[in-house]
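# Inside the fold
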Amino acid sequence: MARRGANAAHVLAPTDTDAVEDYISGVAVSPTPEEINAVQVFAKRLVADYGYPKAHIQTRPQYRVRKSPSDDKKTFPIDIAVFSSNNRLEDELQMVVECKRPRRKEGLAQLKLYLDMSTAEIGVWFNGSEHAYIRKVHHASGRRTYQELPNIPRYGQRVEDIGLYCRRELKKPSNLKAVFRDIRNHLAGNTTGITRDESLAQEIINLLFCKIYDEINTAPDEMVSFRCGVDETAKDVRKRIVETFEFKVKREYSDVFTSKDAVTLDAASLMYVVGELQTYCIIDADRDAVGDAFEVFIGPALRGAEGQFFTPRNVIKLIVDMIDPEPGDLLIDPACGSGGFLIAALEHVWGKLEREGKKKEWSEVILDRKKRELASRCFRGLDKDSFLAKVTKAYMAIIGDGRGGVFCENALMRPDEWRVDARDRVRLGRFNVVMTNPPFGSKIPVKGAQVLAQYELGYKWSKDKKSQTISKSDKLRDEQAPHILFLERCLQLLVVGGRLGIVMPESILGNPSYEYVINYLMERTTIRAIVTMPESLFKTSGKSGTHTKVAVMVLEKTEPRKTHSMFFGAVKWCGHDSRGNPTYRRDPSGRMVLLDEVPTVAARYQAFLKGKMGAVDHLSFKMPSTDVRNRILVPQYYDPEIEAALQQLSKTHDLVTVGNLVDARILAVETGTEIGKMAYGTGRIPFIRTSDLSNWEIKADFKHGVSRSIYESEKRKAEVAAGDILLVRDGTYLIGTTAIVTDSDLPMLYQSHIYRLRVLKPKDLDPWLLLACLNTSIVMRQIRAKQFTQDIIDTLGRRVHEIVLPLPRSLAVRKQIGDETRETISMRVKLRNRVQDIARKLEGRTDDNERDSSVQI
């Protein structure tokens, strides 16, 4: 379900600073939004979907029509002009397409003007998100009127032939996502009585099943019933579609629909949908195209507050390719959502079946039968959301069935509480493969003793400080995060030797509060692979997405050996940034490429399994299970590139950890305090926060000040002196930022998200040298590798003690660097203070003790 290709950088569309090639003429044109999203999209649709020859279409140079009968210069340029022959003569103009006007009213007005001033009979307005089709009608009286059409005729058809399609005449859609986007935007803006995305999506699911039923049950030479003709009323079209749904679809798909389900779209809206879909054969569409189209409707309907987010398809494909299911494997997704994992896995095993069929010379009939049998017999899905379960059934039905294995059930509940059909076909300990992305989040906890008692992870666990062993108590937790329970339920579903591919929050892998979960996995499974994803991965999913950083885990339900190698990787680029924008870059050859490392990982993992590990870098390296420290399984924590760089530095530097210096009482590490927002602005004594540190200094224009009384009450909790170094420990982007305290910065307080590093023995370690050392690239790389996600922000935590400091062996070099650092900072502080003096003089103030003025509270 991911983008095709195995390279990290996939060649894609250019940025908005580059010209694009016009689909019809091949001429380079400016990449305006209307050009990219409307003109080029509809031009391709005219050729691919409607069959018009390129030679009959003119885009560049633009064909022009008269502004008035006397306008010999032909003032109006037409975005797309379609002719009856490749001569493109004025009296051969059949169709004009207007894409410049973004709104329907203005677009139709411009379109009618074009039609009035030309011989064209048909006009199209298309803005990339919505359309209108009209026909110019001449009356005997000489009057002209305009008739709205449900679609436009294909090449060689008459207008009267629109909607009169035999089954064999339906075409494979070239851009189903654009079609669905058009439908969705029209319904959202024009449908009466339906405003919620989920309701719109439900209506589309109902109509899609009508379309699927019609395509499957209509003979090749028979006329389809999912259609709307030129002379049909919207009321007649709606009556036919509703009857199909009520008396055929609900009977055929009784496992999908209940007696209460109904088509509720008004006649005009329904006719719009039917008109747009009627020319296409949906069941012939590419599976990725169907997924793209579904996301248009279903993505906005997902409720992020319930932990539901679309799993990006490049990650789905990564997990499927890593697990590598075989035909005959019994496979389940217990949180199947819209069916992404099931569809991708089905495509994967069908590919293997096709290769086997080619080798054994199976007929198409035999191959098709085996595919359908495999889909029905081996694939299962559960989701507690009835809407999403229905979406998955629709998706499965479109691409080749298997919908009978999808059930609306809460996978975390006791199986004996499921309905009979689900209990019969989904049993614990029966599946060879589980692949899933469960809902995650502490805000949607699972409660209730009856549910929690099913799981070992539903109990409280404790850690013995001396032995470091972790054990389960006999006391149930009050609540548990759903993804923790899903992890155990997935293992319960597997046979011994079964494989699990799962998306988990990265916090599970390194947060001390989840150490018991990692201990549980290490004692009961063989951990095969862990690959972390960038924070931006889910920012295009659901309503506004989520910043939760996740990891892909591959586990085997086997007794772990005393030692084995794990595959670790840390993906940095996933194809889009945190705003959902594609991460385009220009390569050395000048081509625009998309940075997406996700597709490269599966091949590396398969090579690892075969003992043929290739490149060792952040994307793939071996991790011996015996080298795991403190039950931390975050791949970046063990980054081999950092280890290699430190090894190289060891030739010329002494490598000393912060912890070593603390143990030797050379260095002390403490955190600050929190005073509450009500204390902000009560005085002019600085309360230093993470954003107040920059360029090794504390900003002169610190954001918040406190009163003298607050300072006196809090200073023992955040005691600070000149020569202390402040280091940000929490906050993701600023972690590792440092500043040294000078006399000019005092008095002050600092917040708990900051570490204070105080050198206790300056003769053994110059604080100025330490400041420089903390800002070397190798230390900053270590800090990035040791900051783990905790809830929604990152933290360095106590891992600051593990940071290796590269101190030059040469004492002369150490002194030189320390002296230069002190001299540079001192000069900058002096200049900073001078700037402040200038500002005070400008105001006529001479007070040097303005930090002591305060507002008492």
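### Notes on helix α2 (residues 104–116)
Over its 13 residues, α2 extends 18 Å from the first C-alpha to the last, a length consistent with the 18 Å expected when each residue adds 1.5 Å. Buried within α2 we find Gly-107, Leu-108, Gln-110, Leu-111, Tyr-114 and Leu-115. The arc that holds the buried residues of α2, viewed along the axis, is 165 degrees, so those residues lie on one side. Looking at the buried residues of α2, the elements they touch are β5 (63–65), β6 (76–78), β8 (93–98), β9 (122–126), β10 (131–138) and β11 (144–148).

### Section: the packing of aromatic side chains
The geometry of an aromatic ring pair is captured by the separation of the ring centres together with the interplanar angle, meaning the angle of the planes. Enumeration over the complete set of coordinates arrives at 17 aromatic pairs. Ring centres of Tyr-637 and Phe-788 lie 5.6 Å apart, and the angle between their planes is 70 degrees; on these two criteria the pair is classed as edge-to-face. With Tyr-637 in the loop between β26 (621–624) and α18 (640–649) and Phe-788 in strand β37 (residues 788–790), this pair connects stretches of sequence that are 151 residues apart. Neither Tyr-637 nor Phe-788 differs from the other in exposure class; each is buried. Clustering of aromatic rings is evident, with ring pairs tying together Phe-568, Phe-621, Tyr-637, Tyr-638 and Phe-788. Taking the ring centre of Tyr-459 as reference, the NZ or CZ of Lys-472 above it sits at 4.4 Å. It is Arg-729 that lies over the ring of Tyr-755; its NZ or CZ is 5.3 Å from the centre.

### Section: helix α10 (residues 364–378)
In this model, α10 (15 residues) spans 21 Å end to end at C-alpha, consistent with the 21 Å of a helix rising 1.5 Å per residue. By the burial criterion, the buried members of α10 are Leu-367, Lys-371, Leu-374, Ala-375 and Cys-378. In a view along the axis of α10, the buried residues occupy a sector of 105 degrees, so they form one face of it. Turned more than 90 degrees from where α10 packs its buried face, Val-365 and Arg-377 sit exposed. Buried residues belonging to α10 abut β12 (331–333), α9 (340–360) and β13 (379–382).

### Some points on the sheet that holds β8
Spatially, the 6 strands line up as an open sheet ordered β4-β7-β8-β9-β10-β11, and their pairing is mixed. Taken across any chain shown, the strands that pair with only one partner, and hence form the sheet edges, are β4 (57–58) and β11. The sheet strands contacting α2 are β8, β9, β10 and β11, and the helix crosses β10 at an angle near 35 degrees.

### A closer look at the confidence of the model for the chain
For the chain, per-residue confidence averages 89 on the pLDDT scale, and residues scoring 70 or more make up 92% of the total. Within the model, pLDDT remains below 50 along residues 1–17, and this stretch shows 58 contacts once partners closer than five positions in the same chain are excluded. Scored below 50 in pLDDT, residues 852–857 shows 14 contacts in the model against residues more than four places distant or in partner chains.

### Looking at the nonpolar core
In terms of nonpolar packing, the biggest core is built from 149 residues, with Phe-379 and Met-533 touching the most fellow members. If you tally residues by element for this core, the top one is helix α4 (residues 197–217), at 10 residues. Beyond its immediate sequence surroundings of up to four residues, Met-533 is in contact with Val-315, Leu-318, Lys-549, Val-550, Ala-551, Val-552, Val-571 and Val-598. Among the nonpolar cores identified, the runner-up in size contains 33 residues, and Val-658, Leu-769, Cys-773 and Val-804 belong to it.

### Re the packing of α18 against helix α22 (residues 777–786)
With their axes 10 Å apart at the nearest point, α18 and α22 run at an angle of 150 degrees to one another. Classed by the angle they form, the pair α18 and α22 counts as roughly antiparallel. Where α18 crosses over α22, the handedness of that crossing is left-handed. Here α18 contributes Glu-641, Ile-642, Ala-645, Leu-646 and Leu-649 to the contact with α22, which in turn contributes Ile-778, Arg-781, Gln-782 and Ala-785.

### Re the packing of helix α5 (residues 234–252) against helix α6 (residues 267–277)
Here α5 crosses α6 at 75 degrees, and the two axes come no closer than 8 Å. Between α5 and α6, the interaxial angle falls into the category roughly perpendicular. On α6, the residues that touch Ala-234, Lys-235, Val-237, Arg-238 and Ile-241 of α5 are Ala-267, Ala-268, Leu-270, Met-271 and Val-274. When grouped by side-chain class, the residues that make up the contact of α5 with α6 number 8 nonpolar, no polar and 2 charged.

### Side note on the pattern of salt bridges
Under the definition given, this model contains 54 salt bridges. Here Asp-255 makes a salt bridge to Lys-393, at a shortest N to O gap of 3.3 Å. Of this pair, Asp-255 sits in the loop between α5 and α6 while Lys-393 sits in helix α11 (residues 386–399), and the two are 138 residues apart along the sequence. Lys-393 sits in the buried class, given a relative accessible area of 6%.

### What to know about unusual backbone geometry
Working note: non-glycine residues mostly have negative phi, and peptide bonds are mostly trans. Pro-61 follows Arg-60 through a cis peptide bond whose omega is -5 degrees. Mapping Pro-61 onto the fold places it in the loop between β4 and β5. Following Leu-746, the chain continues to Pro-747 via a peptide bond in cis, the omega torsion being 0 degrees. Residue placement: Pro-747 occurs in the loop between β34 (738–740) and β35 (749–750).

Rules and cut-offs
Residues numbered from 1 in each chain as written. Predicted model: local features only at pLDDT ≥ 70, side-chain atom pairs only at ≥ 80, totals over all residues. Heavy atoms only, no water. Helix = DSSP H or I, 4+ residues; strand = E, 2+ residues; numbered from the N terminus. Expected span 1.5 Å × (residues − 1). Buried < 20%, exposed > 50% of the residue type's maximum accessible area, 1.4 Å probe, protein only. Arc of directions from axis to C-beta. Contact = heavy atoms within 4.5 Å. Phe/Tyr/Trp six-rings, centres within 6.5 Å; stacked < 30°, edge-to-face > 60°. Lys NZ or Arg CZ within 6 Å of the ring centre and 35° of its normal. Pairing = 2+ DSSP bridges. Axes fitted to C-alpha atoms, helices over the stretch in contact; angles between N-to-C directions. pLDDT = per-residue confidence, 0-100. Core = buried A, V, L, I, M, F, W, Y, C linked by side-chain atoms within 4.5 Å. Parallel < 35°, antiparallel > 145°, perpendicular 65-115°, else oblique. Left-handed = near helix turned anticlockwise from the far one by under 90°. Nonpolar A, V, L, I, M, F, W, Y, C, P; charged D, E, K, R; others polar. Salt bridge = Lys/Arg side-chain N within 4 Å of Asp/Glu carboxyl O.

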